[in-house]
Each structure stands twice: as C-alpha cells, then as structure tokens.
Amino acid sequence: MPRYLITHPNGQHGEDVLIEDAELTLTIQGAWAVLADSDGPCLALPAHAGATITRIDEQPEE
C-alpha cells in the first residue's frame, strides 16, 4: 500500500503527516505536489513550502 511521509523543515508549517491509501498517487503539477486517490486530490503542497515527501511503503514479510 502506498504510504507517504510529509515532513516540514524545522516544524515551520505544522506537524509531520503520514498519508496512506491503496490507490494513492503522487504527481507534480507545476509548482505543486499533489497526492490523490480514486476520489480525487486529498493534499496539495506548494514547492515553496520546503516540505519533503518520502514514500515509505511497508515491506512484505518473507
């Protein structure tokens, strides 16, 4: 399942956020990073916010 951790530099724009959904996608649209699922966009971050978006999917057990 896709999972994205959004962190902000030095906590300037709020707390870190973890978003996960089976149909979650990340796209770049102009100066915006947009996370969306089957219902449409659920979070958009402007490039100037300085946030870091890291994909952290769970690893399957062996």
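Rules used in this analysis
- Residues numbered from 1 in each chain as written.
- Predicted model: local features only at pLDDT ≥ 70, side-chain atom pairs only at ≥ 80, totals over all residues.
- Heavy atoms only, no water.
- Pairing = 2+ DSSP bridges.
- Helix = DSSP H or I, 4+ residues; strand = E, 2+ residues; numbered from the N terminus.
- Axes fitted to C-alpha atoms, helices over the stretch in contact; angles between N-to-C directions.

Trainee: For this particular structure, what's the right way to read the sheet that holds strand β1 (residues 3-7)?
Mentor: By definition, the strands of a sheet pair up through backbone hydrogen bonds, in either a parallel or an antiparallel sense. Strand order in the open sheet formed by three strands is β2-β1-β6, with antiparallel pairing between adjacent strands. The sheet is open, and its two borders are formed by β2 (17-20) and β6 (52-55), each paired with just one other strand. Across this sheet, the average inter-strand angle for adjacent strands is 20 degrees, counted without regard to direction. By the bridge criterion, four bridges tie β1 to β6 in an arrangement that is antiparallel. Within the sheet, the bridge partner assigned to Ile6 lies in β6 and is Ile53.

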